[in-house]
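The chain contents come next:
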Amino acid sequence: ERKALAANVACLRSCEVAHAGDFVSQGFCVLDKCSKDLLRCKGDKMCWSAVQCLPQTAQECAMPTLDAYVHQPLFQDTVKCLGHGFQSCGRRAVGMVQDTNIAQAVQCAAQCTRQPQSRLVEQVI
């Protein structure tokens, strides 16, 4: 478990260095490059116990979202689009998200995404 945890930390640090000063790109780097290892750690009882300093919310809410990001390309692309939109447009992007027409479009797109079919979701639920 120590190797897995060290690899996760190394991945996180590499994203921090590779995208210094760009929080959004750092975040997407973590999602793109580190997510699978983090999910594997979650499945390993010893590894996961080493990262229990994370808030309980992360275990209950973030892991299913992380699983969806890793396994659903449409969800991944949508998150990236929104993230880059917020970075580029700031307040105007927030106003766009508040638009009910946009909310309806997001709801429509959400109907096209599939529930991840992994044991992780079953364990969390």
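Above this note sits the structure.
Note that this is a predicted model, so its numbers are computed, not measured. (Residues numbered from 1 in each chain as written. Predicted model: local features only at pLDDT ≥ 70, side-chain atom pairs only at ≥ 80, totals over all residues. Heavy atoms only, no water.)

**Student:** Account for the pattern of salt bridges, naming residues and giving values.
**Tutor:** Under the counting rule described, the total for this entry stands at two salt bridges. Measuring nitrogen to oxygen at the nearest pair gives 2.9 Å for the salt bridge that ties aspartate 32 to lysine 80. Of this pair, aspartate 32 sits in helix α2 (residues 23-43) while lysine 80 sits in helix α5 (residues 73-89), and the two are 48 residues apart along the sequence. Under the relative-accessibility criterion, lysine 80 is labelled partly exposed at 22%. A salt bridge links arginine 40 to aspartate 37; the nearest nitrogen and oxygen atoms lie 2.4 Å apart. Placement of both arginine 40 and aspartate 37 in helix α2 is noted, with a separation of three residues, approximately one turn of the helix. Here arginine 40 falls in the exposed class, since its relative accessible area comes to 55%. (Salt bridge = Lys/Arg side-chain N within 4 Å of Asp/Glu carboxyl O. Helix = DSSP H or I, 4+ residues; strand = E, 2+ residues; numbered from the N terminus. Buried < 20%, exposed > 50% of the residue type's maximum accessible area, 1.4 Å probe, protein only.)

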